[in-house]
Amino acid sequence: MNIKDCVDYINFWIRKERGSFLTIEESVAVLDLGQIAYYNDIFPKYATSQIIKDCLTPFKTRYVFNSSANDPQLVSIPNTFLISGVTANAASSGTTINVSSTNGLVIGRIVVVNTGTGLFQPDTVITKILSSTSFQVDIAPITTIQSGATISVFDSRQYLDMLDMEIEFNQNGRRTYHSIKMINEDERSERLNSQIDPPIPTAPLGEIVAPRTIRLYPANNNYIGSVSYMRRPKKPVYGYSVVGGRNIVYDPINSVQLEWRDTDINMILIKALLSVGINLSDAEVSQFAEMKSQQNYQGVNHI
């Protein structure tokens, strides 16, 4: 089911149960609540079965770190990652940016101008892909951007839950990897003072001291390694235009679909409807989805 089918489904049951409806924006917000609720239900079961691992695979992210900068004990997981750098091939103003290449650009990704006149703020996002050589950002006013300016595109990776942390260590010319044991604050002093099992550079301890920030022990060592964690599922976007002042036309190109497998969307829809007080069974969801598939196959969509 795409985002349109999901929104249609939510409003189908709201009309049936309440005699009212939600706007598109409200429906998408409810859908986002549903996917976060579903994530919270299944994440504690991660690695208990292959089915759960497959379900959460789209959100698994790996960050490679080198703690030699500033404080070698601290590892901070960034909230954004550089996806690509594109170059402005003509002076542009307003909210439309002409670039030499837009390969891989996706709505909602963060845009920053590195060089040239004019700046996008760090929270500026791409709102529309206009063509293969231009995109639009939601910010105004914007000064002219010089031709040849470097525009960097970042992907937002909102940290949710850590899976594992490991370091890479070169020992006697052989590269080895060691998993980092994460400790609580009440364990810290006991482990640091231990004469039997103290932390050593090849087997350090880790402690989460702030959101997305891990402190490693022992101190005064530079660590190279990686962190595997779960990021937040992307917020869905329902792209549409209004024709004639009242007809809503779905725009799949400018929409952001749910990243979940089709087999998981049923539960997300149930969770979404629960958030507005409508309780359905999985069978009712499947029945609606099958009806929609038949209608779309026949070229008729009544909802």
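So, here's what we can say about the structure. (Residues numbered from 1 in each chain as written. Predicted model: local features only at pLDDT ≥ 70, side-chain atom pairs only at ≥ 80, totals over all residues. Heavy atoms only, no water.)

1. Regarding the overall build of the chain
Right, on to step 1. When helices and strands are tallied, the chain shows six helices and 16 strands.
Right, on to step 2. By residue count, 40% of the 303 residues in the chain fall in the buried class.
Right, on to step 3. Partitioning the contacts of the chain with sequence separation of at least 6, the portion at a separation of at least 24 is 66%. (Helix = DSSP H or I, 4+ residues; strand = E, 2+ residues; numbered from the N terminus. Buried < 20%, exposed > 50% of the residue type's maximum accessible area, 1.4 Å probe, protein only. Contact = heavy atoms within 4.5 Å.)

2. A look at the sheet that holds strand β6 (residues 126-131)
Right, on to step 1. Strand order in the open sheet formed by three strands is β4-β7-β6, with antiparallel pairing between adjacent strands. Each edge of the open sheet carries a strand with a single partner, namely β4 (96-98) and β6. The average angle at which neighbouring strand axes cross in this sheet is 30°, direction not considered.
Right, on to step 2. Inspection of the sheet shows β4 paired to strand β7 (residues 134-137) by three bridges, in the antiparallel sense. Among the inter-strand pairings, T96 is bridged to a residue of β7, identified as Q136. (Pairing = 2+ DSSP bridges. Axes fitted to C-alpha atoms, helices over the stretch in contact; angles between N-to-C directions.)

3. Topic: unusual backbone geometry
Right, on to step 1. The peptide bond linking Y217 to P218 adopts the cis configuration, its omega dihedral lying at 5°.
Right, on to step 2. Along the chain, the position of P218 falls in the loop between β13 (213-217) and β14 (224-231).
Right, on to step 3. Of note in the backbone geometry, A47 takes a positive phi value of approximately 75° without being a glycine.
Right, on to step 4. Along the chain, the position of A47 falls in the loop between α2 (24-42) and α3 (50-56).
Right, on to step 5. Under the relative-accessibility criterion, A47 is labelled exposed at 52%.

4. Some details on the side chain of S27
Right, on to step 1. Relative to the helices and strands, S27 resides in helix α2.
Right, on to step 2. Relative accessible area serves as the criterion here: at 0%, S27 is assigned to the buried category.
Right, on to step 3. Apart from the residues within four sequence positions on either side, S27 is in contact with V7, I10, N11 and L22.

5. Focus on the packing of aromatic side chains
Right, on to step 1. Scanning the model with the defined rule gives nine aromatic pairs in all.
Right, on to step 2. Aromatic side chains Y159 and Y229 sit 5.2 Å apart centroid to centroid with 40° between the ring planes, which places their arrangement in the tilted category. Placement of Y159 in strand β9 (residues 159-171) and of Y229 in strand β14 is noted, with a sequence separation of 70 residues between them. Each of the two residues, Y159 as well as Y229, counts as buried.
Right, on to step 3. Ring centres of Y238 and Y250 lie 5.3 Å apart, and the angle between their planes is 65°; on these two criteria the pair is classed as edge-to-face. With a gap of twelve residues between them, Y238 in the loop between β14 and β15 (240-243) and Y250 in strand β16 (residues 247-250) connect regions that are remote in the sequence. Each member of the pair, Y238 as well as Y250, is classed as buried.
Right, on to step 4. Every member of this aromatic cluster is reached through a ring pair, and the members are Y9, F12 and W13. (Phe/Tyr/Trp six-rings, centres within 6.5 Å; stacked < 30°, edge-to-face > 60°.)

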